[in-house]
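Coordinates in review
Here are the chains, one letter per residue:
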Amino acid sequence: MDAYRKKLQEQSVSGVAAADAGDATKPEDIDVTNLDLDMDTLKDLLTVDKEVETVFAFEELMKNKISAMPVLDGEKMVGIVTATDLGHNLILDNYQFGTKVKSVMVTDVACVSPENTLKEAVCVMFDKAPGENIINQLPVVEDGKLIGILSDGDIIKAIKNEF
């Protein structure tokens, strides 16, 4: 397990209390307000260069069983691509041969910083998503540098550990 997810799972939540020590904590008893997202730099973060062809970016997403990858121009994050978007458009043959990631990536990327709480991250996932959707992969940026990705699965695991 990478350092990012491990640290997230090790964090404690303030205000969790059950009626007595033998009772299971109910979801409504969990206070996620003060759960920090502070984590070590993620060393094995998968990214894609903006000049890579979409078919190869999609292949990386599938090979690594992940749903999104930040797009970089050098070391700067300039966008994000998702398996859903790329796969859908590749299957429908909406891309011309050689289409680059830079021409199809989402450029208005919602992000959080390590100083954000779990509750703030969840709010960003809902508030910044288009329509009725939610964002399920949220880049974590510190001092303008991409340091990790917070997934909906990471959040569920962090909350589950409090039951």
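Residues numbered from 1 in each chain as written. Predicted model: local features only at pLDDT ≥ 70, side-chain atom pairs only at ≥ 80, totals over all residues. Heavy atoms only, no water.

**What to know about the nonpolar core**
V112, I135, L138 and L150 are the most contacted members of the largest nonpolar core, which totals 13 residues. Listing elements by their share of this core, those giving two or more residues are α4 (118–127), β4 (137–142) and β5 (145–151). It is α4 that provides the largest number of residues to this core, a total of four residues. (Core = buried A, V, L, I, M, F, W, Y, C linked by side-chain atoms within 4.5 Å. Buried < 20%, exposed > 50% of the residue type's maximum accessible area, 1.4 Å probe, protein only. Helix = DSSP H or I, 4+ residues; strand = E, 2+ residues; numbered from the N terminus.)

**So, the environment of K63**
Within the secondary structure, K63 sits in helix α2 (residues 54–63). Among the polar contacts made by the side chain of K63, one reaches the side chain of E60 at a distance of 2.9 Å. (Polar contact = N/O pair within 3.5 Å; in protein donor to acceptor, adjacent residues only side chain to side chain.)

**Observations concerning the side chain of T99**
Structurally, T99 is set in the loop between α3 (83–91) and α4. Exposure remark for T99: the relative accessible area of 15% places this residue in the buried category.

**A look at the sheet that holds strand β2 (residues 68–73)**
On the basis of which strands lie adjacent, the open sheet formed by three strands has the order β1-β2-β3 and mixed pairing. Of all the strands in the sheet, just β1 (48–49) and β3 (76–82) have a single pairing partner and so form its edges. Bridge count between β2 and β3: six bridges; the pairing is antiparallel. Bridging from a neighbouring strand, L72 pairs with M77 of β3. Docked against the sheet, α2 engages β1, β2 and β3, running at close to 135° with respect to β2. (Pairing = 2+ DSSP bridges. Contact = heavy atoms within 4.5 Å. Axes fitted to C-alpha atoms, helices over the stretch in contact; angles between N-to-C directions.)

**Describing α2**
For an α-helix, the turn length of 3.6 residues means that residues three or four places apart are oriented alike. Among the residues of α2, T54, A57 and L61 are the ones counted as buried. Around the axis of α2, the buried residues are gathered within 65° of arc, so they sit on the same side. Against β1, β2, β3 and α3 lie the buried residues of α2. Backbone geometry just after α2 places K65 at a positive phi near 55°. (Arc of directions from axis to C-beta.)

**What to know about the pattern of salt bridges**
For the structure on display, the rule yields three salt bridges. Note that E51 is salt-bridged to K102, the shortest N-O span being 2.9 Å. Placement of E51 in the loop between β1 and α2 and of K102 in the loop between α3 and α4 is noted, with a sequence separation of 51 residues between them. Judged by its relative accessible area of 41%, K102 falls in the partly exposed class. Measuring nitrogen to oxygen at the nearest pair gives 2.9 Å for the salt bridge that ties E60 to K63. Of the two residues, E60 and K63 are both situated in helix α2; the distance of three residues between them amounts to about one turn of the helix. For E60, a relative accessible area of 27% translates into the label partly exposed. (Salt bridge = Lys/Arg side-chain N within 4 Å of Asp/Glu carboxyl O.)

**Focus on the layout of surface pockets**
A water-sized probe, rolled over the atoms, reveals where empty space remains. The calculated volume of the largest pocket comes to roughly 510 Å³. For the largest pocket, the lining is made up of 18 residues, of which I80, T82, V106, P130 and I135 are closest to its centre. Of all the secondary structure elements, the ones that give two or more residues to the lining of the largest pocket are β3, α3 and β4. Considered class by class, the residues forming the lining of the largest pocket number nine nonpolar, six polar and three charged. (1 Å grid on protein atoms, 1.4 Å probe; cavity = no way out; pocket = protein on both sides within 12 Å on 5 of 7 lines; lining within 4 Å. Points joined across faces, edges and corners; volume = space filled by probe spheres on them. Nonpolar A, V, L, I, M, F, W, Y, C, P; charged D, E, K, R; others polar.)

**Brief notes about the pairing of β5**
With six of seven residues buried, β5 is to be regarded as a mostly interior element. Bridging between β4 and β5 involves six bridges; their strand directions are antiparallel. Bridge pairing in β5 places P139 opposite I149. Once β4 ends, the chain turns through two residues before running back antiparallel as β5, passing D143 with a positive phi of about 50°.

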